[in-house]
Amino acid sequence: MDIVDVTQKKLQENLNWYEKNFNDEFEIENLEELDVIEDERLDVNSNVQPNVVHHEEAMVSEGLVYPPDIWFQLSKYIAPEDVWRFACLCHDACAVTNTVAFWRLEEAMVSEGLVYPPDIWFQLSKYIAPEDVWRFACLCHDACAVTNTVAFWRSLYLRHRDPKIKLPQSLSKELIEGTYGVRYITICALYLMYEPLRRKTVINSPIGEGTVSPYSLKNQICKYIWSQGNPGAEFTYYLMFEEHVSKKNKPLQFDKDIYASNYSYQTILKVFCRSYQNLPQAEIMGLQLADVFFNVSGDMRNHKLRLVFQSERTRRRGNPSLTTTVLDPVVWVRIIHWWHPQFRNCIECIK
């Protein structure tokens, strides 16, 4: 309905009212006579004062004004993401959002939330996929506490256990009945039994990228070095690194036996070379990996791996002494984490 229709409708209402009260025939020649008729209607009507603005005009110009207390009561039901919308409603609503009481109420709504009992989180954990355990643990403190129980890891192991897959003796079902190292056993077994995780260990990324990138080992400490091969033939070098985890970054542990493992936070850098390389084991072991350079070899057919080590003590003093080791030519490199199925095969090469 446009403004012309509104004007005509208002004019017809005034005409009907005048005919009903005065029963006179008249004609309106211009809009000025319409204003005179409207003033006479206000004088006759005993419920309306003559010098008060029309009700319709008051509604349009001023609107319906609520007291500030009502806006404060309404603010208790405003979601945090809708605060800016609430503040744009009117001046009183904006004034409410600038009070200390309002923001204290918002902080209480965000901090408290809806608290469920721990038993519900334990029941929900039975439907969590292995790759979503970290997401489930980040929901709240009780959900994280569930992931630190023996029952959670044991249920995860038995739920995805496949009798057709033969597991090594170190990951057998009998060891799950205890508590020592149950988390380590479950994770290693899932990378053999659970197809989405097993597929990650089979798919190979390009050399130096993804999970095989040696750059991910920076700032880790070289613990042990060994090699395998025959003189005059290809050689495979193994460098075991351990990530330095401070006490502040250690996971929340309710039972230390659950996290027990001889290879926690350890990674093996496996380097396959075409010939024997002089690798100074005594000088490197115990040093921290400061930098890694992985590029094309001089013959343009292979790769070259340059590892720069430094002492952790001299690094803290600000004057680090660097030890550089070069492996050239290199065919390929692999990063093998502690949960990888080939990790234990690499450890057995030492024996």
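Whatever comes next refers back to the structure up there.
For clarity, every value in this text was computed on a predicted model and none was experimentally measured.

Colleague: Even after reading the chapter, I still don't get the overall build of the protein chain, so can you show me in this structure?
Modeller: Along the protein chain, the regular secondary structure elements total 16 helices and 6 strands. The buried share among the 351 residues of the protein chain stands at 32%. A fraction of 59% describes how many contacts in the protein chain between residues 6 or more apart in sequence connect residues 24 or more apart. Split by element, the accessible area of the protein chain, about 23100 Å² in all, is 53% carbon and sulfur.

Colleague: What should I look at first to understand the pattern of salt bridges in this one?
Modeller: Where charged atoms from two side chains of opposite charge approach closely, those side chains can pair. For the coordinates displayed, the defined rule picks out 5 salt bridges. A salt bridge links Arg 198 to Glu 195; its shortest N-O distance comes to 2.8 Å. Taken as a pair, Arg 198 and Glu 195 lie in helix H13 (residues 195–202) at a separation of 3 residues, close to a single helical turn. A relative accessible area of 31% means that Arg 198 is categorised as partly exposed. Taking the relative accessible area as the measure of exposure, Glu 195 reaches 33% and is therefore partly exposed.

Colleague: Quick question: what am I supposed to make of the pairing of strand E2 (residues 235–242) here?
Modeller: Where a strand is regular, its side chains alternate between the two sheet faces. Within E2, 7 of the 8 residues are buried, leaving the element largely enclosed by the surrounding structure. Sheet topology places strand E1 (residues 221–229) next to E2; 8 bridges connect them, and they run antiparallel. Opposite Tyr 224, over in E2, you have Met 240 as the bridge partner. Hairpin geometry of E1 and E2 is characterised by an intervening segment of 5 residues between the two adjacent antiparallel strands and by a positive phi of about 85° at Gly 232. Relative to strand E3 (residues 266–273), E2 runs antiparallel, the two being bridged by 8 bridges. Opposite Tyr 238, over in E3, you have Lys 270 as the bridge partner.

Colleague: Is there a simple way to explain the nonpolar core in this structure?
Modeller: Considering soluble globular proteins, one finds that nonpolar side chains tend to be buried as a cluster. Grouped together as the largest cluster of nonpolar side chains are 37 residues, with contacts concentrated most on Trp 153, Trp 226, Ile 268, Trp 338, Phe 343 and Ile 347. Taken together, the elements giving at least two residues each to this core come down to helix H9 (133–137), helix H10 (141–146), helix H11 (150–159), helix H12 (182–193), E2 and helix H16 (343–348). With 9 residues, the single largest contributor to this core is H12. Filtering out sequence-adjacent residues up to four positions away, Ile 347 remains in contact with Trp 226, Met 240, Tyr 263 and Ile 268. Counting 23 residues, the second largest nonpolar core, distinct from the first, contains Phe 235, Leu 239, Leu 307 and Ile 335.

Colleague: I tried to follow the packing of H12 against H13 on my own but got confused; where do I start?
Modeller: To characterise two packed helices, one gives the angle between the axes of the helices and the distance between these axes. Two elements in contact, H12 and H13, have axes whose closest approach is 6 Å; the angle formed by their N-to-C orientations is 80°. In this view, H12 runs roughly perpendicular relative to H13, as classed from their interaxial angle. Here Leu 190, Tyr 191, Leu 192 and Met 193 of H12 come into contact with H13, specifically with Glu 195, Leu 197, Arg 198 and Thr 201. Among the residues making up the contact of H12 with H13, the classes are represented as 5 nonpolar, 1 polar and 2 charged.

Colleague: What exactly am I supposed to notice about a nonpolar patch on the surface here?
Modeller: A surface patch of nonpolar side chains, amounting to about 260 Å² of accessible area, comprises Tyr 66, Ile 70 and Leu 74. Position of Tyr 66 relative to the elements: it lies in the loop between helix H3 (55–61) and helix H4 (68–74).

Colleague: Which parts of the structure should I look at to understand the packing of aromatic side chains?
Modeller: For any pair of aromatic rings, the description rests on two quantities: the centre-to-centre distance and the angle between the ring planes. The tally for this structure, following the rule as stated, stands at 12 aromatic pairs. Measuring from ring centre to ring centre gives 5.6 Å for Tyr 184 and Trp 338, while their planes differ by 25°; the resulting arrangement is stacked. Remark: Trp 338 occurs in the loop between strand E6 (322–337) and H16 and Tyr 184 occurs in helix H12; sequence separation between them is 154 residues. For the residue pair Tyr 184 and Trp 338, the accessibility class agrees, reading buried in each case. Between Tyr 263 and Phe 343, the aromatic rings sit 5.4 Å apart at their centres with planes inclined by 70°, giving edge-to-face as the arrangement. Of this pair, Tyr 263 sits in the loop between E2 and E3 while Phe 343 sits in helix H16, and the two are 80 residues apart along the sequence. Residue Tyr 263 is classed as buried on the basis of its relative accessible area of 17%. Taken together, Tyr 224, Trp 226 and Tyr 238 form an aromatic cluster joined through their ring pairs. We note Arg 306 situated over the ring of Phe 293; from NZ or CZ to the ring centre the distance is 4.2 Å.

Cut-off values and rules
Residues numbered from 1 in each chain as written. Predicted model: local features only at pLDDT ≥ 70, side-chain atom pairs only at ≥ 80, totals over all residues. Heavy atoms only, no water. Helix = DSSP H or I, 4+ residues; strand = E, 2+ residues; numbered from the N terminus. Buried < 20%, exposed > 50% of the residue type's maximum accessible area, 1.4 Å probe, protein only. Contact = heavy atoms within 4.5 Å. Areas by Shrake-Rupley, 256 points an atom, 1.4 Å probe, with all protein chains shown as cover. Salt bridge = Lys/Arg side-chain N within 4 Å of Asp/Glu carboxyl O. Pairing = 2+ DSSP bridges. Core = buried A, V, L, I, M, F, W, Y, C linked by side-chain atoms within 4.5 Å. Axes fitted to C-alpha atoms, helices over the stretch in contact; angles between N-to-C directions. Parallel < 35°, antiparallel > 145°, perpendicular 65-115°, else oblique. Nonpolar A, V, L, I, M, F, W, Y, C, P; charged D, E, K, R; others polar. Patch = residues over 30% accessible without salt bridge, like charges linked within 9 Å, V, L, I, M, F, W, Y side chains within 5 Å. Phe/Tyr/Trp six-rings, centres within 6.5 Å; stacked < 30°, edge-to-face > 60°. Lys NZ or Arg CZ within 6 Å of the ring centre and 35° of its normal.

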